[in-house]
Amino acid sequence: MYDDNELVQRTLKGDKEAFEMIVREYQRPLFNYIGRMVREKELALDLTQEIFIKTYSSLHTFKPKYRFSTWLFKIASNYLIDYWRKKKIEAFSIDHPKWQDDRNHSWTIPANEPSVAKKFELQELRKKIEAALEKLPHSLRELFVWKHINEFSYAEIAEIKGLPVGTVKNRVFQAKEMVRQFLEKQT
Amino acid sequence: MKCLSIDMIYEYLEDDLSPQKRETIARHLSMCVKCKNAFEERQRLLEASYSLPSWETPSEFTNQVISRIFPVKSSIWAWMAAAASGVMFFFLAFFVVFLLSRQNILSAPVSFSHSFLAYFENFFLILVKFFKLVSLITKLVPQLFGYFLKGVELVTTLLNPKIQIMLIALSILFSGLFIYVMRRNFLQE
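Residues numbered from 1 in each chain as written. Chains lettered and ligands numbered in written order. Predicted model: local features only at pLDDT ≥ 70, side-chain atom pairs only at ≥ 80, totals over all residues. Heavy atoms only, no water.

Student: A description of the overall build of chain B should follow, citing residues and the corresponding values.
Tutor: Tallying secondary structure elements over chain B gives seven helices and zero strands in all. In sequence order, chain B lays out its α and β elements as α-α-α-α-α-α-α. Here chain B holds 189 residues, and the buried ones make up 19% of them. Looking at chain B alone, contacts between residues at least 24 apart form 49% of all its contacts between residues at least 6 apart. On chain B, roughly 15100 Å² of surface is accessible, and the fraction owed to carbon and sulfur atoms is 71%. (Helix = DSSP H or I, 4+ residues; strand = E, 2+ residues; numbered from the N terminus. Buried < 20%, exposed > 50% of the residue type's maximum accessible area, 1.4 Å probe, protein only. Contact = heavy atoms within 4.5 Å. Areas by Shrake-Rupley, 256 points an atom, 1.4 Å probe, with all protein chains shown as cover.)

Student: Please give an account of the overall build of chain A that cites residues and values.
Tutor: Of the regular secondary structure elements, chain A holds eight helices and zero strands. For chain A, the succession of helices and strands along the chain, N to C, is α-α-α-α-α-α-α-α. Relative to its full complement of 187 residues, chain A shows a buried share of 51%. Contacts in chain A between residues far apart in sequence, at least 24 positions, make up 66% of those at least 6 positions apart. Surface accessibility of chain A: about 9400 Å² in total, with carbon and sulfur atoms responsible for 48%.

Student: Outline the packing of helix α2 (residues 16-38) of chain A against helix α4 (residues 61-69) of chain B, listing residues and values.
Tutor: Taken N-terminus to C-terminus, the directions of α2 of chain A and α4 of chain B make an angle of 140 degrees; their axes are 10 Å apart at the nearest point. With respect to α4 of chain B, the element α2 of chain A is oriented oblique. Once α2 of chain A is placed against α4 of chain B, the crossing between them reads as right-handed. Where α2 of chain A abuts α4 of chain B, its residues Lys16, Phe19, Glu20, Val23, Arg24 and Gln27 of chain A lie against Phe61, Thr62, Asn63, Val65, Ile66 and Ile69 of chain B. Residue classes in the contact of α2 of chain A with α4 of chain B are distributed as six nonpolar, three polar and three charged. (Axes fitted to C-alpha atoms, helices over the stretch in contact; angles between N-to-C directions. Parallel < 35°, antiparallel > 145°, perpendicular 65-115°, else oblique. Left-handed = near helix turned anticlockwise from the far one by under 90°. Nonpolar A, V, L, I, M, F, W, Y, C, P; charged D, E, K, R; others polar.)

Student: Quick one: what's the story with the confidence of the model for chain A, residue by residue and with numbers?
Tutor: Of the residues in chain A, 89% reach a pLDDT of 70 or more, and the chain-wide mean stands at 88. Counting interchain partners and residues more than four positions distant, the pLDDT-below-50 stretch residues 93-101 of chain A has 19 contacts. (pLDDT = per-residue confidence, 0-100.)

Student: Could you give an account of the environment of alanine 26 of chain B, with specific residues and numbers?
Tutor: Counting through the fold element by element, alanine 26 of chain B comes out in helix α2 (residues 19-29). Overall, the relative accessible area of 31% leaves alanine 26 of chain B in the partly exposed class.

In structure tokens form, the structure reads like this:
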């Protein structure tokens, strides 16, 4: 099993197979992320291809002190933001004041909180979570997907977004609570 | 211990607490119904979230990416082999057609070459006429340009120099504006 940094160095020396190994390793997690963000398979495939091409052309800027996976997803995240900007779709920045309410957010368990997740069979719950994800603002959806689908750690997500770990953690918790609230509205 | 907050529940579920804190929370959960329900709710939510189905790429995806980044270049030998195959196929078809038609095989190239020569001759005639047209245009252009310069000279004698300068400035301004608008439209597309 090759180290990502080693594959990058080999690619930069002209080894085509090294980059092929990178694509094979990351196509699935990257496509999973892009797919859940744009919600259309063909579009997600096109965007994932474009991101790999952009990654290849930017390889000479990669610094080995960083993790390749976080660097790749940073490129992917920025690519999506540019894509939405060109399509004139508002993709909320993680610091967008519209929904950011860290100061006022209450983490207290409400009294008589209804049980929502426990009501459904696991398969049905997964479908409802997928539907709820579509309603999340892009920035929160992105964090949710990275945490629960790509299974990045909070530190890795913080490295991708260039934010403190605490902020990322709060946002992920908010995303989960929003998903839960969407489920509550459906019952 | 007072009731847990939602973020503490998530931290507990994600094993993001010190062992002492975990023990305290575990003890509280065993005693507090409200917190236990909230915990079980979020536990189920996380269980489903971590097991969401994966989006799969098609089997040829990697090859598609690699072929876009590293396009395959055909060698000159491949082109020569393709050309030789084409020529051989042409001659083979030619012989098959004449064998099936039972014509005299030797008479066919003669009649073919006659019609081919006729086409060739016509092509050269058209080419010659085209070059004649081009040389006529090249002779006309300087004449037309001469007339244009005479026209400009006439206008400059009729118009006030200040008006002439204003006209030149306006035309430069409009040209610049036109280029800017076209460039902006082009970039927007």
